[in-house]
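# Understanding the architecture of this molecule
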Amino acid sequence: MNKHVSPKMNRRAFVIGTAAVGTGLAIGLDLPFGGPAVVRAADGSPEVNAWVVIRPDDTVVIRIARSEMGQGSLTGLAQLVAEELECDWSKVTTEYPTPGQSVARKRVWGDFSTGGSRGIRSSQDYVRKGGATARVMLIQAAADEWKVPASECTVAKGVITHKASGKTTTYGRVAEAAAKLTPPTEVKLKDPKDWTIVGKGLLRLDTADKTTGTMVYGIDIKLPGMLNAAIKDCPVFGGKVKSFDEAKITGMKGVKKVVKVGDSAVAVVADTWWQAKTALEALPIVWDEGDNAKVSSETIAKWLAEGLDDAQPAYVGNKNGDVKAAIASAAKKVEAVYNYPYQNHATMEPMNATALYTTDKCEVWCGTQNGEAAFAAVLEASGLPAEKCDVHKVMLGGGFGRRGMTDYVRQAVAIAKQMPGTPIKLLWSREEDMTHGKYHPITQCKMTGAFDADNNLVALHYRLSGQSILFSVRPDALQNGMDPAAFQGVAQSGEAALGYSVPNLLVEHSMRNPHVPPGFWRGVNVNHNAIYMECFMDELAHAAGQDPLEFRRKLMGKNPKHLAVLNAVAEKIGWTTPAPQGVYRGIAQVMGYGSYVAGAAEISVTDGSKIKVLRIVASTDPGYVVNPAQVERQIAGSFVYGLSALFYGGCTVKDGRIEQTNFDTFNSMRINEMPKVESVMVPSGGFWGGVGEPTIGVAAPAVLNAYFAATGKRIRSVPLRDQNISFA
Amino acid sequence: MANLTINGKTFTLDVEPDTPLLWAIRENAGLTGTKYGCGIAQCGACTVHMDGVATRSCGISVAEAEGKKITTIEGLASGSTLHKVQQAWIAKDVPQCGYCQSGMIMAVAALLNEKPKPTDADIDEAITNICRCGTFQQVREAIHTIASA
Ligand code: FES
Ligand code: FES
């Protein structure tokens with residue numbers, strides 16, 4: 001990534017003025033050639049290394065490159081550093097380095113991208129080493145001062161002790177000397193069994209400001225002389241602006257300028273956003289909607305349905321045996337077609353970014369899941385080189401994948417570029433956000449299962465038809481045209497492997513990419529694949545006259561980790577004992593993002609169409625649990641996101657545009673619809689899996705399977721809103 | 001021009017009378033703790049208290065808010081003592097991204113004012129805010145903790 005960025009060492013002090021927003025950091029980088037290279041934080045405190053700054057009062061500032069959007073990894077990552085650092089947790093605080101600083105320092109903070117449930121799992125190794133390295137240097141500095149061997153010194157909670165002489169000192173007192181030492185080339189990480197900070201359900205580090213209204217999100221940025229922009233992009237994806245009649249709104253209160261943004265959008269800049277939005281609504285705009293205006297949900301559905309036909313070409317993602325022959329000679333076969341719609345991320349905070357462009361500098365303040373991608377977008381949109389750009393990250397009002405994209409950043413820069421010297425805050429209305437998302441991709445799936453005369457499953461054909469995210473977002477990641485991520489949850493091996501062994505198996509994808517832009521949406525392809533596979537497994541179990549849990553177990557002998565989480569939920573929900581009168585159960589399991597998850601639901605149904613989700617049991621094996629309290633919240637939250645998607649989440653297309661414009665037509669569940677969620681964490685160690693996303697996969701199938709148990713009816717289409725089924 | 005009483009202070013704001021209270025609070029009074037989520041009174045992110053009643057500030061105009069006592073999240077604490085809902089939110093680690101929580105906290109504070117010991121049914125009825133991160137389980141637990149204190 002960051003192809004556009006050519007890392008360059010920069011001798012000038014890299015002082016970034018973020019004081020105006022009250023958060024973020026200012027680092028004065030002093031990197032002279034040759035001399036003692038103590039890098040200092042803005043307040044003059046020494047960096048022991050890139051991850052750790054220690055202030056004279058013993059405050060430990062831990063640098064976090066990944067973004068916090070509610071998932072808690074800011075706290076989790078700090079725990080990992082603090083564990084190895086052996087510092088006093090009560091003195092820990094965190095700060096974000098900027099991507100510009102990182103690039104100027106040869107990407108010393110590594111990857112900034114925060115998606116794919118990777119925040120912790122793909123940086124745990126080097127951030128722990130960062131903590132361990134700093135610890136070794138701090139101890140060495142004390143030992144040097146006392147002229148004793150470092151091996152005779154111990155440390156606990158940031159206090160270094162030399163037992164023989166009775167001397168003690170603190171990290172704050174030796175940090176200056178430690179910062180001058182050469183870092184050790186190798187450090188040994190603690191054995192997980194010795195962890196005292198990692199593995200504990202510590203309180204988050206970023207809560208207080210979220211309860212007083214003082215946390216700064218992108219929407220809250222204030223800069224001197226700042227103006228506000230509202231934007232309207234062509235309602236039909238791929239369309240263009242033909243013309244707009246600026247004269248109609250020029251006299252309106254507060255309006256400063258009307259600008260074209262790229263070739264598809266128009267923005268009004270005004271003193272306040274409300275003025276900008278009011279004027280934008282009054283602005284006559286003529287669009288060139290293009291051919292995409294002919295596309296509708298019906299035309300898309302028809303095109304996808306054609307992809308279910310074996311005669312159409314498809315990419316093979318997972319295969320063994322000879323499925324077609326096995327189905328042809330089977331004693332019994334079962335077939336079903338499912339579908340999954342477009343869905344908007346609907347982060348609570350609509351997309352926004354603030355940009356300040358001058359001829360020799362371009363800075364952006366925004367919530368982003370990928371600081372470096374936002375930085376690359378700023379470079380490209382501003383046309384300025386890396387050393388003249390930066391991105392200041394703030395708290396995200398939700399990400400769920402949406403803020404890994406950089407469209408809103410580019411727009412803000414494009415507007416600011418037309419008003420040099422004036423900071424511009426671009427904020428999307430909810431309507432703009434709903435209709436210009438990067439949607440959960442649309443798919444259909446036809447599955448065929450075949451049994452021998454003894455009701456053993458001998459073949460499974462899983463034929464997916466629909467949209468590829470990578471095709472649109474990262475075409476470089478396609479493999480000879482195939483999107484490997486399309487098989488998340490049903491793959492042969494890897495971090496999203498299918499948990500069943502079937503002697504004849506064919507999993508394939510007929511790729512069809514409508515014009516509606518797709519994006520990574522919390523859970524991504526696991527969501528629909530888990531519904532298709534897990535609901536169909538339930539169908540197969542019933543066709544074979546077997547218990548859905550027992551039926552699965554028989555196919556999972558070669559996948560003990562998948563089986564272990566399934567067993568854990570079965571036991572906790574009491575699968576083998578009858579449910580209370582009027583209560584029905586469903587079960588599901590899947591692997592995604594390197595973790596194994598399972599879920600079981602207890603529901604009741606009134607009038608065949610009103611579902612009360614009473615209780616959920618969810619199990620996860622992510623290898624290691626860094627903060628169980630946060631994992632529990634991610635699991636509970638996954639059911640809110642996943643069940644909102646099941647009941648309400650459908651974006652339909654008419655005349656080339658998305659029909660749902662706000663929460664009145666794209667609803668999200670409320671507290672009265674929330675089931676009790678019980679988490680069972682069974683970390684088995686030896687690998688690092690993700691947490692934020694995998695559980696979403698089991699939310700919908702567990703409930704749909706329970707719905708079948710209650711009513712004998714299969715629902716094969718999401719959302720339930722469109723099947724006239726609702727929460728009770 | 002509008003005269004608004006927010007958190008005990010009088011603000012004279014240069015806004016059109018039909019400006020939604022939310023935007024007058026955020027942009028003209030400069031109190032950004034109150035959040036925008038939908039603008040159509042659906043999500044509750046913009047909840048403030050108007051004469052003590054939880055009110056979605058995107059859905060009423062400044063003209064309607066004149067003469068009323070408005071409290072925003074910034075004015076919920078008494079001096080340096082946080083409101084019991086804020087304290088419970090910190091102790092129970094309720095917020096995830098936190099964006100909906102100003103509105104959630106204001107809605108809960110109003111509920112507890114009216115019903116100090118709400119039942120689950122009371123909570124279900126009164127708290128209709130959207131939280132996309134899904135903090136509902138912690139919200140409910142924290143309310144019960146406050147009620148039983
Ligand atoms: S912003 Fe007022 S209810 Fe959503
Ligand atoms: S905490 Fe993020 S939307 Fe509620």
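What you are looking at is a predicted structure, and each value in this text was computed from that prediction instead of being measured.

Contact with chain B, which involves 53 residues of that partner, is made by 60 residues of chain A. Of the roughly 4500 Å² buried between chain B and chain A on both sides combined, carbon and sulfur atoms contribute 56%. For the pair chain B and chain A, the number of links is 4 salt bridges. For the salt bridge of Lys-35 of chain B with Asp-220 of chain A, the shortest nitrogen-to-oxygen distance reads 2.7 Å.

Okay, the confidence of the model for chain B next. Put simply, chain B has an average pLDDT of 98, and 100% of its residues get 70 or more. For this predicted complex, the interface confidence score (ipTM) comes to 0.99, while the overall pTM stands at 0.95.

Right, let's talk about the nonpolar core for a bit. Most often, soluble globular proteins have nonpolar side chains that are buried together. Ranked by internal contacts, the top residues of the largest apolar core, which has 171 residues, are Leu-643 and Phe-647 of chain A together with Trp-89 of chain B. Trp-146, Val-148, Ile-160 and Val-174 of chain A belong to the second-largest nonpolar core, a separate cluster that totals 46 residues.

Once that is clear, we can look at the side chain of Arg-512 of chain A. All names here are of chain A. As for its position among the elements, Arg-512 is in the loop between strand 23 (504-511) and helix 13 (525-543). Of the buried charged residues, Arg-512 lacks a salt bridge, with Glu-306 as the closest side chain of opposite charge at 4.2 Å. Here Gln-312 takes part through its side chain, which lies 3.0 Å from a polar atom of the side chain of Arg-512. For Arg-512, the contacting residues outside a window of four places in its chain are Trp-303, Leu-304, Glu-306, Gly-307, Gln-312, Ser-465, Gly-466 and Gln-467.

This paragraph deals with the sheet that holds strand 4 (residues 52-54) of chain A. All names here are of chain A. Taking strand neighbours across the sheet as the criterion, the 4 strands line up as 3-4-5-6 in an open arrangement whose pairing is mixed. If you trace the sheet from one side to the other, it starts and ends with strand 3 (47-49) and strand 6 (92-95), each paired once. For this sheet, the mean angle separating the axes of adjacent strands, direction not counted, is 30°. Alignment of strand 4 against strand 5 (residues 60-63), held across 3 bridges, turns out to be antiparallel. Residue pairing in the sheet places Val-52 in a bridge with Ile-62 of strand 5.

As enumerated under the stated definition, the model contains 18 aromatic pairs over all chains in all. Between Tyr-624 of chain A and Trp-688 of chain A the ring centres are 4.8 Å apart and the planes differ by 40°, which places this aromatic pair in the tilted class. Placement of Tyr-624 of chain A in the loop between strand 26 (610-621) and helix 16 (628-648) and of Trp-688 of chain A in the loop between strand 29 (676-681) and helix 17 (696-711) is noted, with a sequence separation of 64 residues between them. Take Trp-688 of chain A: its relative accessible area is 18%, and that puts it in the buried class. Put simply, the rings of Trp-273 and Trp-274 of chain A together with Trp-23 and Tyr-36 of chain B touch in pairs and so form one group of aromatic residues. A cation over a ring is seen here: Arg-522 of chain A above Tyr-641 of chain A, with NZ or CZ 5.7 Å from the ring centre.

Attention now goes to the domain arrangement of chain A. Frequently, the measure chosen for interface size is the accessible area that the parts lose on association. Residues and elements named next belong to chain A. Domain annotation of chain A identifies domain 1 (11-205), domain 2 (218-290 + 351-427) and domain 3 (297-343 + 439-727). For domain 2 and domain 3, the distance between their C-alpha centroids amounts to 37 Å. Contacts between the two partners involve 8 residues from domain 2, matched on the other side by 13 residues from domain 3. Buried area between domain 2 and domain 3, both sides added, is near 830 Å², and the carbon and sulfur share of it is 67%. Contact with domain 3 buries area across many residues of domain 2, yet Phe-237, Phe-400 and Met-405 alone supply 70% of it, more than any other trio. In this structure, the salt-bridge partner of Glu-289 is Arg-657, at a minimum N-O distance of 2.8 Å. Put simply, domain 2 and domain 3 have 2 residue pairs in polar contact (both at pLDDT 80 or more) between them. Of the residues contributing to the side of domain 2 that touches domain 3, the split by class is 5 nonpolar, 1 polar and 2 charged.

As a further point, take the pattern of salt bridges. Residues and elements named next belong to chain A. Scanning the model with the defined rule gives 49 salt bridges over all chains in all. Put simply, Arg-615 and Glu-678 hold a salt bridge, and the shortest N to O gap is 2.7 Å. One end of the pair, Arg-615, is in strand 26; the other, Glu-678, is in strand 29, and 63 residues separate them in sequence. A relative accessible area of 15% places Glu-678 in the buried class. Salt bridges sharing common partners tie together Lys-572, Arg-585, Glu-602, Arg-615 and Glu-678.

Once that is clear, we can look at the sheet that holds strand 23 of chain A. Residue and element names in this part refer to chain A. Here 5 strands make up an open sheet; going across it, the order is 15-23-22-21-16 and the pairing mixed. The open sheet has two edge strands with one neighbour each: strand 15 (315-320) and strand 16 (332-340). Shown here is a sheet whose adjacent strand axes are inclined to one another by a mean of 10°, direction ignored. By the bridge criterion, 8 bridges tie strand 22 (residues 457-466) to strand 23 in an arrangement that is parallel. In the strand pairing of strand 23, Arg-463 is matched with Glu-508.

What follows covers the pairing of strand 8 (residues 159-162) of chain A. Residue and element names in this part refer to chain A. Residue alternation in strand 8 divides its side chains into a buried set, Ile-160 and His-162, and an unburied set, Val-159 and Thr-161. As paired strands, strand 7 (residues 153-156) and strand 8 are joined by 4 bridges and run antiparallel to one another. Its bridge partner being in strand 8, Val-155 is matched across the sheet by Ile-160. The antiparallel pairing of strand 7 with strand 8 creates a hairpin that spans 2 residues between the two strands, and Lys-157 there sits at a positive phi of about 50°. Of the strand pairs in this sheet, strand 8 and strand 9 (residues 167-170) are connected by 4 bridges, and their pairing is antiparallel. Residue pairing for strand 9: Val-159 is matched across the bridge by Thr-170. Between strand 8 and strand 9, which pair antiparallel and follow one another directly, the connecting turn spans 4 residues, one of which, Gly-166, has a positive phi of 75°.

Rules used in this analysis
- Residues numbered from 1 in each chain as written.
- Chains lettered and ligands numbered in written order.
- Predicted model: local features only at pLDDT ≥ 70, side-chain atom pairs only at ≥ 80, totals over all residues.
- Heavy atoms only, no water.
- Contact = heavy atoms within 4.5 Å.
- Buried area = accessible area lost by both parts, 1.4 Å probe.
- Salt bridge = Lys/Arg side-chain N within 4 Å of Asp/Glu carboxyl O.
- pLDDT = per-residue confidence, 0-100.
- Core = buried A, V, L, I, M, F, W, Y, C linked by side-chain atoms within 4.5 Å.
- Buried < 20%, exposed > 50% of the residue type's maximum accessible area, 1.4 Å probe, protein only.
- Helix = DSSP H or I, 4+ residues; strand = E, 2+ residues; numbered from the N terminus.
- Lys, Arg positive; Asp, Glu negative; His and termini not counted.
- Polar contact = N/O pair within 3.5 Å; in protein donor to acceptor, adjacent residues only side chain to side chain.
- Pairing = 2+ DSSP bridges.
- Axes fitted to C-alpha atoms, helices over the stretch in contact; angles between N-to-C directions.
- Phe/Tyr/Trp six-rings, centres within 6.5 Å; stacked < 30°, edge-to-face > 60°.
- Lys NZ or Arg CZ within 6 Å of the ring centre and 35° of its normal.
- Domains from an automatic or database assignment.
- Nonpolar A, V, L, I, M, F, W, Y, C, P; charged D, E, K, R; others polar.

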